[in-house]
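# What the coordinates show
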Amino acid sequence: SEKDPLYLSVLSSIAHGPAYDTLRTKEQLGYIVSSGADRRSHVLGFKVLVESATKPAKHLHRRIMNFMKKLDAIVENLSSEHFKTVVLTLSNGLMEPPQRASKSRDSVLAEIQSREYQYNRRAKNFKVLHTLELSEFKQFYENMRSGAVVSVQLDPQAEELSSNTDENANPVMGMDGNA
C-alpha cells in the first residue's frame, strides 16, 4: 500500500536509537552500527548493519537477532503518544526544504532509479503521513517480521563462500570459512 514506505520510515525512526544504544554502546559489537529502511526496487525491508574487527560474524548475527526480539517488544508496547510524536517528527522533516542541492539531486535520481517518477513524493507523503494509525503500523511490523531474514556475513580472512541456515530456518549467506 502507499502507506507501507511511511510505516517503514516510522519503524526506522523508532529503532534507530535502541539499535545504536544496544549494539554499539552497551554490547560494543563494532564501531559501525546502523539500522534503517532498505528499499530495493519495489521491495521494502529493514536492515541492521554491524561491522566489527573483533567479533565473529555468527556472534554478530545472534546479537542482531536478539536485538530484533527487543524491537518486537518495543513495537508491541508502543504508545499512541510516542507513535504520534514520531509521525509528527517525520512530517516536520518532509516540510523542510532540502538544505543542499545534492539532496534535491539525490531525490530526483532516486525517482529515476525506482522508475516511479513521483517527483512530488514529499508532498504526497506529507498528506498520507497524517492518516497513519498505530494499529496499522503494528500489523505492518508483524507482517514484515513474518517474512524471511537474510544475513550477509563477510569475513575477509575466509577463503570460501558458505551457505547455511540459521536456527529459525531462515536463509543465511556468509563468508565465514566455517561452513
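Just so we're clear, the structure is a prediction, and the values are computed from it rather than from any experiment.

### Topic: the packing of aromatic side chains
Tallying each qualifying case throughout the model produces three aromatic pairs. Ring geometry for Tyr7 versus Phe137: centroids 6.1 Å apart, planes at 40 degrees, classification tilted. Of this pair, Tyr7 sits in helix α1 (residues 4-26) while Phe137 sits in helix α6 (residues 134-145), placing them 130 residues apart in sequence. Here Tyr7 and Phe137 have matching classes, each one buried.

### Some points on the confidence of the model for the protein
Per-residue confidence for the protein averages 84 on the pLDDT scale, and 87% of its residues sit at or above 70. Mean pLDDT in the protein bottoms out at strand β5 (residues 171-175), which sits at 43, and peaks at α6, which reaches 96. Taken as a whole, residues 169-179 scores under 50 in pLDDT and shows 40 contacts with residues more than four places along the chain or in a different chain.

### Some remarks on α1
The α-helix winds at 3.6 residues per turn, so residues separated by three or four positions along the chain end up facing the same way. Taking 1.5 Å per residue, 23 residues should reach 33 Å; α1 reaches 31 Å between its end C-alpha atoms and fits that length. Taken as a whole, α1 carries its principal kink of about 35 degrees at Ala15; the proline Pro18 stands between one and four residues after it. Tucked into the core, α1 has its buried residues touching β1 (32-40), β2 (43-51), α2 (57-76), α3 (80-95), α5 (121-129) and α6. Taken from the residues just after α1, Gln28 is the one with a positive phi, measuring 50 degrees.

Cut-offs and rules
- Residues numbered from 1 in each chain as written.
- Predicted model: local features only at pLDDT ≥ 70, side-chain atom pairs only at ≥ 80, totals over all residues.
- Heavy atoms only, no water.
- Phe/Tyr/Trp six-rings, centres within 6.5 Å; stacked < 30°, edge-to-face > 60°.
- Helix = DSSP H or I, 4+ residues; strand = E, 2+ residues; numbered from the N terminus.
- Buried < 20%, exposed > 50% of the residue type's maximum accessible area, 1.4 Å probe, protein only.
- pLDDT = per-residue confidence, 0-100.
- Contact = heavy atoms within 4.5 Å.
- Expected span 1.5 Å × (residues − 1).
- Bend = angle between axes of the 7 residues up to and from the residue.

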